[in-house]
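Spelled out from the first residue to the last, the chains are:
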Amino acid sequence: MNFISHITVRNQLLILRRSILCICIMLSIFMGGYSQNSFANPVDLDKDGIPDSIETSYGLNPDSSSDALLDLDNDGWSNLTEYLVGSELDDPESSPMDNIEKLLADDGLLLDAYGTAVAIEGDLAVIGAPFADSAYQNSGKVYIYRKIENEWALEATLENSYPYNKRNENFGMSVSVSNGVIAVGAPNAKDGPYVMGKAFVFSKINDVWTEEAWFGTWNEDWVHRGGNRHERVGESVSISGDLLAIGSPGCLNEVHYQIPGVPDTKEWINPKGCVYTYFYYSWAPPGYPSTREDGSWERVDQISAFDKEANDSFGASVLIDGNTMIIGSPYDDDQGSQSGSIYL
């Protein structure tokens, strides 16, 4: 992967501020109604987010984008927000809050941190509770909800299938969903004899949520890395179609030979971070229908920053959108200690 730009966190704050302002809009769209907005790309000449036909029906000016941010009924919500969530623009009794549903874990307990990670796709919502005590303290759990008749119902819970001590593995610290396939990160899971982190993929097979694959990085090289290193594989995950990205902000991607050129003296130093990518290959012949049982995930690449430095935590966040990947490096020091940066 060639990184074509290196954007500092300071520049990203503008994007983040806009994202925060849209949280209520997104929650309402996904958790509640969406009655007025059409997916047919209606005419919107002033490009303010409200179709011309809707603006005209409420007496707004379809040639002026400024009225999208006004509040026609003086209820504290902008016209654009009310349109997006399906409430009436001119009725103060019709509030976007009417379309927001609050979910709680059925078995929630103190310090579970339910909601640490969330992902949504259509009528499928995924919520991580990385400190839930599932058989072991802080082993973590993921809740899957399905929207049925305009209400969110618990469909299943997921856990790390590893049969041994899962204490403090934090399964559910990160989650992602695409095409009905769920990725989950457990950054403190054991991989081999060490606490290095794992990521998991689940899919629904024969109406049962099933662990399709898990991903770690332990191999013969790790013997020389030492067990006190925490690579935090699964700190972040993102899945888009058949492509999976797994962030490992503690990735030890620099090799040092205690005796130059002698492989048996290899040791890994300086945790600079990386992102592992995997692709799902289907075994079904072209033209034949396939199921999730007809393929496998294969490692594609290990991505590191072109200007990597120790303790930058490259891979602490990752998101795939189509053929574009964005990766966070929150402790990059380009603008001062831990000022952070983003790679695209």
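Here the structure is a predicted model, which is why all the values come from computation and not from measurement.

What counts, and at which threshold
Numbers given for residues are sequential positions, taken from 1 along each chain in its written order. For this predicted model, a pLDDT threshold of at least 70 governs which residues receive local features, and a threshold of 80 or more governs which side-chain atom pairs are given and counted, while totals over whole chains, interfaces and linings are taken from all residues. Excluded from the side-chain calculations are hydrogens and water; all other atoms, namely the structure's heavy atoms, are used. Secondary structure elements follow DSSP: runs of H or I of four or more residues count as helices, runs of E of two or more count as strands, with numbering from the N terminus. A 1.4 Å probe rolled over the protein chains alone gives each residue an accessible area, and that area as a share of the maximum for its type sets the label: buried under 20%, exposed over 50%, partly exposed in between. The contact rule is simple, with two residues in contact once any of their heavy atoms fall within 4.5 Å. Surface exposure here means Shrake-Rupley accessible area, sampled with a 1.4 Å probe, where a residue is shielded only by the protein chains that are shown. A pair is scored as a salt bridge if a Lys or Arg side-chain nitrogen falls within 4 Å of a carboxyl oxygen belonging to Asp or Glu. pLDDT is defined as a per-residue confidence score from the predictor, taking values between 0 and 100. In this description, strands pair whenever DSSP reports at least two bridges between them. Here an axis means a line fitted to C-alpha atoms, over the contact stretch when the element is a helix, while the angle between two N-to-C directions is reported on a 0 to 180 degree scale. This count recognises Lys and Arg as positive and Asp and Glu as negative, with His and chain-terminal groups excluded. By nonpolar core we mean a set of buried residues, namely Ala, Val, Leu, Ile, Met, Phe, Trp, Tyr and Cys, connected to one another through side-chain atoms within 4.5 Å. What counts as a ring pair is set by centres within 6.5 Å for rings of Phe, Tyr and Trp (its six-membered ring), and what kind of pair is set by the plane angle: stacked under 30 degrees, edge-to-face over 60, tilted for all other angles.

Chemist: Sorry if this is basic, but what is going on with the overall build of the protein here?
Modeler: Within the protein one finds four helices and 20 strands. Taking all 344 residues of the protein together, the buried fraction comes to 45%. In the protein, the share of contacts with a sequence separation of at least 24, taken over all contacts with a separation of at least 6, comes to 47%. Approximately 17800 Å² of the protein is accessible, and the part contributed by carbon and sulfur atoms is 53%.

Chemist: How do you make sense of the pattern of salt bridges when you look at a structure like this?
Modeler: Between side chains of opposite charge, pairing is possible as soon as their charged atoms come close. Within this structure, the stated rule accounts for six salt bridges. When the shortest N-O distance is used, the salt bridge between Arg 232 and Glu 235 registers 2.5 Å. A single salt-bridge network, built from bridges that share partners, covers Asp 123, Arg 146, Glu 155 and Lys 204.

Chemist: When you look at the confidence of the model for the protein in this model, what are you seeing that I'm missing?
Modeler: Low-pLDDT stretches of the model should not have their predicted coordinates read in fine detail. The predicted model of the protein has a mean per-residue pLDDT of 80, with 74% of residues at 70 or higher. Between residues 1-39, whose pLDDT stays under 50, and residues either more than four places distant or in other chains, the model counts 76 contacts. Predicted confidence is poor over residues 219-228, with pLDDT under 50, and the contacts of this stretch with residues over four places away or in other chains come to 18 contacts.

Chemist: Just checking my understanding: could you explain the sheet that holds strand S11 (residues 208-215) for this structure?
Modeler: Strand pairs in the sheet, formed through backbone hydrogen bonds, run parallel or antiparallel to each other. On the basis of which strands lie adjacent, the open sheet formed by four strands has the order S6-S7-S10-S11 and antiparallel pairing. Each edge of the sheet is formed by a strand with only one pairing partner; in this case those strands are strand S6 (174-178) and S11. Taken pair by pair, the neighbouring strands of this sheet meet at an average axis angle of 25 degrees, ignoring direction. Inspection of the sheet shows S6 paired to strand S7 (residues 181-186) by five bridges, in the antiparallel sense. Each bridged residue has a counterpart across the sheet, and for Ser 176 the counterpart in S7 is Ala 183.

Chemist: Explain the sheet that holds strand S12 (residues 236-240) to me, please; I cannot follow it from the model alone.
Modeler: Judged by pairing direction, the sheet is antiparallel, and its four strands sit side by side in the order S12-S13-S16-S17 without closing on themselves. At either margin of the open sheet sits one strand with a lone partner, and together these are S12 and strand S17 (295-303). The mean inter-strand angle of the sheet, taken between neighbouring strand axes irrespective of direction, is 20 degrees. Across five bridges, S12 lies against strand S13 (residues 243-248) in antiparallel orientation. Each bridged residue has a counterpart across the sheet, and for Val 237 the counterpart in S13 is Ile 246.

Chemist: Help me understand the environment of Ser 174, please; the structure alone is not making it clear to me.
Modeler: Among the secondary structure elements, Ser 174 is positioned in strand S6. Separated by 143 residues in the primary sequence, Ser 174 and Ser 317 place their C-alpha atoms 9.3 Å from one another. With near-sequence residues (within four places) excluded, Ser 174 lies in contact with Ala 117, Ala 183, Val 184, Gly 185, Gly 234, Glu 235, Ser 236 and Val 237.

Chemist: What should I look at first to understand the pairing of S7 in this one?
Modeler: The side chains of a regular strand alternate, first on one face of the sheet and then on the other. Of all six residues making up S7, six are buried, and the element is well covered by its neighbours. Burial along S7 is two-sided: the face carrying Val 181, Ala 183 and Gly 185 and the face carrying Ile 182, Val 184 and Ala 186 are both buried. Following S6, the chain reverses through two residues before pairing antiparallel with S7; Asn 179 in that reversal takes a positive phi of roughly 55 degrees. Direction of pairing for S7 relative to strand S10 (residues 198-205): antiparallel, over a ladder of five bridges. Of the residues in S10, the one forming a bridge with Val 184 is Phe 200.

Chemist: Explanation requested: the pairing of S10 in the structure shown.
Modeler: Most of S10 sits inside the fold, with seven of its eight residues counted as buried. The sheet contact formed by S10 and S11 spans seven bridges and is antiparallel. By the bridge assignment, Phe 200 is partnered in S11 with Trp 214. Taking the residues that link successive antiparallel strands as the turn, the S10-S11 hairpin has two residues, and the phi of Asn 206 there is positive, at about 55 degrees.

Chemist: Just checking my understanding: could you explain the side chain of Glu 55 for this structure?
Modeler: With respect to the element layout, Glu 55 can be found in helix H3 (residues 52-57). Here Glu 55 occupies a buried position and makes no salt bridge, while the nearest side chain of opposite charge, Lys 47, is found at 11 Å. When sequence neighbours within four positions are dropped, the list of residues in contact with Glu 55 reads Asp 44, Asp 46, Asp 48, Ile 50, Leu 60, Asn 61, Pro 62, Ser 64 and Asp 67.

Chemist: Even after reading the chapter, I still don't get the nonpolar core, so can you show me in this structure?
Modeler: Inside soluble globular proteins, nonpolar side chains tend to come together where they are buried. Within the largest apolar cluster, 18 residues are counted, with the highest numbers of intra-cluster contacts made by Phe 171 and Trp 209. Counting residues per element, the ones that place at least two in this core are strand S2 (117-121), strand S3 (124-129), strand S4 (141-148), strand S5 (151-158), S6, S7 and S10. With three residues, S7 is the largest single contributor of residues to this core. Counting residues in hydrophobic clusters, the runner-up holds 17 residues, among them Ala 213, Ile 239, Leu 244 and Cys 251.

Chemist: Would you take a moment to explain the packing of aromatic side chains for this structure?
Modeler: Each aromatic ring pair is summarised here by two numbers: the centre-to-centre distance and the angle between the ring planes. Going through the model one piece at a time under the given rule, you end up with 10 aromatic pairs. Centre to centre, the rings of Phe 171 and Phe 200 are 5.4 Å apart; their planes meet at 70 degrees, and the pair counts as edge-to-face. Of this pair, Phe 171 sits in the loop between S5 and S6 while Phe 200 sits in strand S10, and the two are 29 residues apart along the sequence. Each member of the pair, Phe 171 together with Phe 200, is buried. Members of the aromatic cluster, connected to one another through ring pairs, are Phe 215, Tyr 278, Tyr 280 and Trp 297.

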